[in-house]
Amino acid sequence: MPSKKKIINDPVFGFIRIQSDLLYDILQHPYMQRLSRIKQLGVSNMVYPGAVHTRLNHSLGAMHLMHEAIHNLREKGIAVSESEEIASMAAILLHDVGHGPFSHVLENTLVNGISHEDISLLMMQQINHDLTGSKQMTLQGEVERPLDEAIAIFCDEYPRHFLHQLISSQLDVDRMDYLCRDSFFCGVTEGSIPSQRILKMLNVASDRLVLDAKGIYSVEKFIVARRLMYWQVYLHKTSVAAEQVLINILRRAKTLAMQGEDIFGTPALRFFLYNRVKREDFQLGSEALKQYALLDDTDIHSAMKVWEQSDDVILSTLSRAYTNRQLFKSRELQQPLSDEERMRLRKEYAIHFGIAEQDADYFFCSHSISSRAYSDKDDAIDLLYADGTIRNIADASDMWNLTALTRQVHHDYLYYYKI
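The structure reproduced in this document is the subject of the present report. (Residues numbered from 1 in each chain as written. Predicted model: local features only at pLDDT ≥ 70, side-chain atom pairs only at ≥ 80, totals over all residues. Heavy atoms only, no water.)

### A look at the overall build of the protein chain
For step 1, the next point in the chain: The helix and strand inventory of the protein chain stands at 17 helices and 11 strands.
For step 2, the next point in the chain: In terms of overall dimensions, the protein chain is globule-like: its C-alpha atoms have a radius of gyration of 23 Å, near the 22 Å expected for 419 residues.
For step 3, the next point in the chain: Referenced to the eigenvectors of the C-alpha coordinate spread, the extents of the protein chain come out at roughly 70 × 60 × 35 Å.
For step 4, the next point in the chain: In the protein chain, which comprises 419 residues, the proportion classed as buried is 53%.
For step 5, the next point in the chain: Considering only contacts within the protein chain whose residues lie at least 6 apart along the sequence, 70% involve residues at least 24 apart.
For step 6, the next point in the chain: Approximately 19000 Å² of the protein chain is accessible, and the part contributed by carbon and sulfur atoms is 49%.
For step 7, the next point in the chain: Side chains of the protein chain give 45 positive and 55 negative charges; the mean places of these two sets differ by 4 Å. (Helix = DSSP H or I, 4+ residues; strand = E, 2+ residues; numbered from the N terminus. Rg over C-alpha atoms; globule rule 2.2 N^0.38 Å. Buried < 20%, exposed > 50% of the residue type's maximum accessible area, 1.4 Å probe, protein only. Contact = heavy atoms within 4.5 Å. Areas by Shrake-Rupley, 256 points an atom, 1.4 Å probe, with all protein chains shown as cover. Lys, Arg positive; Asp, Glu negative; His and termini not counted. Charge placed at Lys NZ, Arg CZ, Asp CG, Glu CD.)

Set out below in structure tokens:
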């Protein structure tokens, strides 16, 4: 039998080791391989052309950082078994497996009432079922499946809470990887963080993840980097404009499909265009989950290339606009869009395209974007001092603007098609 221990050359962290049969089998599963066909940053390559790295790249990087984190915790006397290590690495490897094409776009259009986190859990359970093979019985007579421990850690149902925090918290390995990786591929320096030093400073107190106090400046840089990356990359107004165009394209295709029009699409895409798929439709072994697992960026791209020639002026115009990067323009709003301006825009687009005024909404929208760099409430970043005391980073830091970074910042924009 060929060896399942592999080495992957990662452009950000160097060599990443696949060091267990379970991790190799997860990587070989079609659900994971699908992530190699989904871009990590959705439409951000419209602004940063290098941002074409994939969800699979990110998942592998996060898995590598999980291994490093556990190794460092062991050096400080925190006992983590080999089983817990592999389970934690499996959980972070799978944490984004439920993402759809173009990041969160599908959650707002073709699929209603269910988040990618919920679908990730369903997919993890399905992979667990697929990998079980011959059933292994415990002493209690129950079926022991390979991902049971990983799923418990992912859902924060495992007795050791700090392992879940490594996957999902304000200082998790997920954020550490995407800040390093996204800044690398976008070619910006703002997201560069001292990830290795932060990992070295990790500790555990009362089953909670903390940071040795001498790592305070590294954490401050981490929080500031996250703020800068959100406003410069993730919420860049042009990226959001491209996303709004894409959302309106899928909304229009869905509307036409539900009206009985014949809309081109792959079988998986047509399933979501011609069915009202809701949360309850997603179950283990369900058709909705099966078709969702077949969707990736190529389904949307290929459909839009055909939709450019559609007889529907809205679908064809928006598809051409996206494909040729003629995106919505943006204007920051100092106050909500008035009813008078909304009616003016509707009439202008209706006359220009010869469409009904209610359909003119596809060519503009008002949209609010918001971000908070750090929350001092839930799963706060705590510092551990030499005398055993623990303080919240927001209280311990002398950085003048850290308290300001705990506030939610909002910006309202009008996005519109230029005619």
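### So, the nonpolar core
For step 1, the next point in the chain: Residues Phe-282, Trp-307 and Tyr-322 are the most contacted members of the largest nonpolar core, which totals 143 residues.
For step 2, the next point in the chain: Discounting residues that sit within four places of it in the chain, Tyr-322 has contacts with Val-43, Met-46, Phe-102, Ala-242, Val-245, Leu-246, Ile-249, His-301, Met-304 and Leu-327. (Core = buried A, V, L, I, M, F, W, Y, C linked by side-chain atoms within 4.5 Å.)

### Things to note about empty space enclosed by the protein
For step 1, the next point in the chain: This structure, assessed with the given rule, holds 1 cavity of 30 Å³ or more.
For step 2, the next point in the chain: The volume enclosed by the largest cavity comes to roughly 70 Å³.
For step 3, the next point in the chain: Around the largest cavity, the lining residues are Gln-165, Ser-169, Gln-170, Leu-171, Leu-209, Val-210, Leu-211, Asp-379, Ala-380, Ile-381 and Asp-382.
For step 4, the next point in the chain: By residue class, the composition of the lining of the largest cavity is 6 nonpolar, 3 polar and 2 charged. (1 Å grid on protein atoms, 1.4 Å probe; cavity = no way out; pocket = protein on both sides within 12 Å on 5 of 7 lines; lining within 4 Å. Points joined across faces, edges and corners; volume = space filled by probe spheres on them. Nonpolar A, V, L, I, M, F, W, Y, C, P; charged D, E, K, R; others polar.)

### Points about unusual backbone geometry
For step 1, the next point in the chain: Residue Ser-206 is not a glycine yet carries a positive backbone phi of 55°.
For step 2, the next point in the chain: Within the element layout of this structure, Ser-206 appears in the loop between strand S5 (202-205) and strand S6 (208-212).
For step 3, the next point in the chain: By relative accessible area, Ser-206 is classed as exposed at 71%.
For step 4, the next point in the chain: The phi dihedral of Asp-207 falls on the positive side, at around 65°, and the residue is not glycine.
For step 5, the next point in the chain: Of note, Asp-207 is situated in the loop between S5 and S6.
For step 6, the next point in the chain: Asp-207 sits in the partly exposed class, given a relative accessible area of 29%.

### Side note on the packing of helix H11 (residues 237-258) against helix H15 (residues 313-323)
Packed helices, taken two at a time, are described by the angle their axes make and the gap between the axes.
For step 1, the next point in the chain: Two numbers describe how H11 lies on H15: the axes approach to 9 Å, and their chain directions differ by 150°. Taken together, H11 and H15 sit at an angle that is classed as roughly antiparallel. Of the two possible hands of crossing, H11 and H15 adopt the one that is left-handed. In this structure, H11 contributes Ala-242, Val-245, Leu-246, Asn-248, Ile-249, Arg-252, Ala-253 and Leu-256 to the contact, and H15 contributes Ile-314, Leu-315, Leu-318, Ser-319 and Tyr-322.
For step 2, the next point in the chain: Residue composition of the contact of H11 with H15, grouped by class: 10 nonpolar, 2 polar and 1 charged. (Axes fitted to C-alpha atoms, helices over the stretch in contact; angles between N-to-C directions. Parallel < 35°, antiparallel > 145°, perpendicular 65-115°, else oblique. Left-handed = near helix turned anticlockwise from the far one by under 90°.)

### Considering a positive patch on the surface
For step 1, the next point in the chain: Residues Lys-237, Arg-325, Lys-329 and Lys-418 make up a contiguous surface patch of positive charge.
For step 2, the next point in the chain: Note that Lys-237 resides in helix H11.
For step 3, the next point in the chain: Classification of Lys-237 by relative accessible area gives partly exposed; the value is 39%. (Patch = residues over 30% accessible without salt bridge, like charges linked within 9 Å, V, L, I, M, F, W, Y side chains within 5 Å. Salt bridge = Lys/Arg side-chain N within 4 Å of Asp/Glu carboxyl O.)

### Section: the sheet that holds strand S9 (residues 382-384)
For step 1, the next point in the chain: Here 4 strands make up an open sheet; going across it, the order is S5-S6-S9-S10 and the pairing mixed. At either end of the open sheet lies a strand with only one pairing partner, and these are S5 and strand S10 (390-392). For this sheet, the mean inter-axis angle between neighbouring strands, taken without regard to orientation, is 45°.
For step 2, the next point in the chain: Alignment of S9 against S10, held across 3 bridges, turns out to be antiparallel. Its bridge partner being in S10, Leu-383 is matched across the sheet by Arg-391. (Pairing = 2+ DSSP bridges.)

### Examining the environment of Gln-244
For step 1, the next point in the chain: Mapping Gln-244 onto the fold places it in helix H11.
For step 2, the next point in the chain: Overall, the relative accessible area of 7% leaves Gln-244 in the buried class.
For step 3, the next point in the chain: When the C-alpha atoms of Gln-244 and Val-233 are compared, they prove to be 16 Å apart, with 11 residues separating the residues in sequence.
For step 4, the next point in the chain: Sequence-distant contacts of Gln-244, defined by excluding residues within four places in its chain, comprise Phe-328, Cys-365, His-367 and Tyr-415.

### Things to note about the layout of surface pockets
For step 1, the next point in the chain: Quantified by volume, the largest pocket comes out at close to 1100 Å³.
For step 2, the next point in the chain: In this structure, the largest pocket is lined by 40 residues; those nearest its centre are His-99, Ser-103, His-104, His-116 and Tyr-230.
For step 3, the next point in the chain: Within the residue set of the lining of the largest pocket, elements represented by two or more residues are helix H3 (55-75), helix H5 (116-132), helix H7 (161-167), helix H8 (173-186), helix H10 (216-234), H11 and strand S8 (364-371).
For step 4, the next point in the chain: Grouping the constituent residues of the lining of the largest pocket by class yields 12 nonpolar, 18 polar and 10 charged.

### Observations regarding the pairing of S5
The side chains of a regular strand alternate between the sheet's two faces.
For step 1, the next point in the chain: In S5, alternate side chains face the same way, and those of Leu-202 and Val-204 on one face and Asn-203 and Ala-205 on the other are all buried.
For step 2, the next point in the chain: Hairpin connection of S5 to S6: 2 residues between the antiparallel strands, including Ser-206 at a positive phi of 55°.

### Points about the packing of H3 against H8
For step 1, the next point in the chain: It is at 8 Å that the axes of H3 and H8 come closest, and there the two elements cross at 125°. With respect to their mutual orientation, H3 and H8 come out oblique. Crossing hand, H3 versus H8: right-handed. Facing Asn-57, His-58, Gly-61, Ala-62, Leu-65, Met-66 and Ala-69 of H3, the residues of H8 in contact are Val-173, Asp-174, Met-176, Asp-177, Tyr-178 and Arg-181.
For step 2, the next point in the chain: Taken together, the residues of the contact of H3 with H8 break down into 7 nonpolar, 3 polar and 3 charged.

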